[in-house]
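Now for the letters of each chain:
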Amino acid sequence: TELLKGKNIVVMGVANERSIAWGVTKSLHNAGANLIFTNRQERSHKKLIKLLDDNQIEARQIVSCDVSDDASINTAFNEIKEEVGVIHGLVHAIAFANREDLKGEFSDTSRDGFLLAQNISAFSLVAVTKAAKELMTEGGSIVTQTYLGAERVIPNYNVMGVAKASLEASVRYLAEDVGKHGIRVNAISAGPIRTLAAKGVSGFNEKLGMVEEKAPLRRNVDQDQVGDATLFFLSDLSRGVTGEVLHVDSGYHIIG
Ligand code: 0WD
């Protein structure tokens, strides 16, 4: 069961106890991983320290990283390199769009709003993969978080749906790039989960209701289920899988 014993894994995107990245953290900790965290904000940093403390999880390292800033990414991964030398996995659980772009008509999206969503939610994976692969000298696994709005029109998801489509295509192109170094890149497409980021999307409660009503399993998923699927991608159990998008959504995506 200690699938990640001795493995150094970087987790990006724990904002609070509801974050998908927190569910992932618990799964990886239970699998014996050494965990390194990156935070954007001081506020999240304090929350993370308390969360780790309350759950008796010891972080190997916590560094600050704003993915909108190349210098911040470089500094963060240099600090990680100095501390642990080698990493074996990276979890990217980061996205952002302006609230006004997560409702109404997609054609009303501003140029800046469109580029912001692409920058933080899609390009950031490209940028952190470039930094992380230098530390993955023993091979590795990179996992990001996407959503069904990449594949289909989901009401109000708008600019983020387009950013997630870009993220999923980036997963495939990155998988090809880094595959020759024994590094895999995959995505989890989770069903709706009530988190800080989800609050920004209009009509979120209706999405939860639709899954309960229509998904084969007739229930919503939670952070722990996404955590365990992420663990699968980070572990050797998935050694034959790369460039994949795995739906952890009670099967909702198969229903027409
Ligand atoms: O229903 C959901 N909640 C779903 C979320 C369904 C399917 C996918 N996802 C995705 C999200 O789109 C995102 O990619 O999962 C990922 C994680 O989202 P979450 O857990 O729902 O959201 P949240 O707990 O709000 O975490 C988002 C984090 C932020 O926390 P801080 O405290 O720093 O605001 O995104 C990060 C940040 O950690 N973030 C950034 N990190 C670094 N640099 C940046 C940035 N510029 N912007 C946002």
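The name that an unreviewed UniProt entry assigns to the chain is Enoyl-[acyl-carrier-protein] reductase [NADH], with the source organism given as Ornithinibacillus bavariensis. What UniProt records for the chain under Pathway (unreviewed entry) is the sentence "Lipid metabolism; fatty acid biosynthesis." On record in UniProt, under Sequence similarities (unreviewed entry), the comment for the chain is "Belongs to the short-chain dehydrogenases/reductases (SDR) family. FabI subfamily."

What follows covers the site of the ligand. Not every one of the 29 residues close to the ligand is listed here, only the nearest: Ala15, Ser19, Ser44, Thr195 and Ala197. Here the shell around the ligand is composed, by residue class, of 17 nonpolar, nine polar and three charged.

This paragraph deals with the UniProt feature "binding site: substrate" (unreviewed entry) in the chain. What UniProt calls "binding site: substrate" (unreviewed entry) maps, in this numbering, to Ala97. Tracing the chain through its elements places Ala97 in the loop between β4 (89–92) and α4 (111–133). Since 25 C-beta atoms lie within 10 Å of it, Ala97 is described here as buried. Excluding residues that lie within four positions of it along the chain, Ala97 makes contacts with Leu102, Gly113, Leu116, Ala117, Ser121, Val159, Met160 and Ala163.

Now for the UniProt feature "binding site: NAD(+)" (unreviewed entry) in the chain. Using the residue numbers shown here, the UniProt feature "binding site: NAD(+)" (unreviewed entry) corresponds to Gly13, Ser19, Ile20, Asp66, Val67, Ile94, Lys164, Ile193, Arg194, Thr195, Leu196 and Ala197. Across 185 residues of sequence, these annotated residues are also dispersed in space, with a maximum C-alpha separation of 23.7 Å. As for its position among the elements, Ser19 is in the loop between β1 (8–12) and α1 (20–30). Of the residues examined, Ser19 has 23 C-beta atoms within 10 Å and is grouped as buried. Apart from residues no more than four positions distant in its own chain, Ser19 is found in contact with Gly13, Val14, Ala93 and Thr195. Residue position: Ile20 is located in helix α1. What makes Ile20 buried here is the crowd of 24 C-beta atoms within 10 Å.

Procedures and definitions
Residues numbered from 1 in each chain as written. Predicted model: local features only at pLDDT ≥ 70, side-chain atom pairs only at ≥ 80, totals over all residues. UniProt positions renumbered as here; feature names shortened; annotations may be inferred. Near = placed C-beta within 6 Å. Nonpolar A, V, L, I, M, F, W, Y, C, P; charged D, E, K, R; others polar. Helix = DSSP H or I, 4+ residues; strand = E, 2+ residues; numbered from the N terminus. Buried ≥ 20, exposed ≤ 12 C-beta atoms within 10 Å, placed from the backbone. Contact = placed C-beta atoms within 7 Å.

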